[in-house]
Amino acid sequence: MIANKHSVSNHNIHNQNLLSLSYGKIKRKDISSDKGLLPASFDTYQIVKDGVIVMRFTDLQNDQKSLRVGLAKEEGIISPAYVCISMKDTTKSAFLYQELHYYDAVLKQFYKMGDGMRQTLSYTDIEAMPLAIPNPREQQDIVDFYDELDSYITKCETKLFKTRTMKQSLLQKMFA
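Just so it is clear, the structure is predicted and the values come from calculations on it, not from any experiment.

**A closer look at the side chain of Gln 46**
Here is step 1: With respect to the element layout, Gln 46 can be found in strand β4 (residues 46-48).
Here is step 2: Taking relative accessible area as the criterion, Gln 46 reaches 7% and is therefore assigned buried.
Here is step 3: A distance of 3.2 Å separates the side chain of Gln 46 from the backbone oxygen of Ser 79, its partner in a polar contact.

Next up, the structure:
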């Protein structure tokens, strides 16, 4: 086993940095917002820190579009409905995240697992998955490559958004 189930309760700590897993990204949410389902207390939430992998394993059959694996980049609290794992040894959590993301996004492996009417997974299901763990140098090279690729994609998305905004503005000026 290269990772451990991570569970640190927010009870009596009251961390206020609310995080959520959304389509494969860990995003910060406004803890004072009244939108969405809100708990009576955030005491039951779990505290995650940079490098903790967050996974959602509920309702697989009803939501086959969401990516279910994210990597925390900051400390915060997250719903106890998520399964969190942290590294046990020197294996880099960023590499493990990339491998689990591959199982999720490319192979759609999680949808083939689990059972029951609401088709859910557990930490035990993930523990049993075969993983290929290369040496630390190769892990770092893979993580660096995907970080660069993510950065490039973000730049392209930003450029696309700006271009669409410019097009919209020009259309409004032309036909106003």
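Alright, that's what it looks like, and here's the rest.
**Side note on the pattern of salt bridges**
Pairing of side chains with opposite charge becomes possible as their charged atoms draw close.
Here is step 1: Going through the model one piece at a time under the given rule, you end up with 2 salt bridges.
Here is step 2: Ionic pairing is found between Arg 28 and Glu 74, a salt bridge with its closest N-O pair at 2.3 Å. Of this pair, Arg 28 sits in strand β3 (residues 25-29) while Glu 74 sits in the loop between β6 (69-71) and β7 (76-78); the two residues are 46 residues apart in sequence, bridging distant segments of the chain.
Here is step 3: Taking relative accessible area as the criterion, Glu 74 reaches 25% and is therefore assigned partly exposed.
Here is step 4: Arg 137 serves as the salt-bridge partner of Asp 141, at 3.3 Å between the closest nitrogen and oxygen. Residue Asp 141 and its partner Arg 137 are located together in helix α3 (residues 136-175), separated by 4 residues, close to a single helical turn.
Here is step 5: For Asp 141, a relative accessible area of 35% translates into the label partly exposed.

What counts as what
- Residues numbered from 1 in each chain as written.
- Predicted model: local features only at pLDDT ≥ 70, side-chain atom pairs only at ≥ 80, totals over all residues.
- Heavy atoms only, no water.
- Helix = DSSP H or I, 4+ residues; strand = E, 2+ residues; numbered from the N terminus.
- Buried < 20%, exposed > 50% of the residue type's maximum accessible area, 1.4 Å probe, protein only.
- Polar contact = N/O pair within 3.5 Å; in protein donor to acceptor, adjacent residues only side chain to side chain.
- Salt bridge = Lys/Arg side-chain N within 4 Å of Asp/Glu carboxyl O.

The values reported here are purely geometric and, on their own, carry no functional implication.
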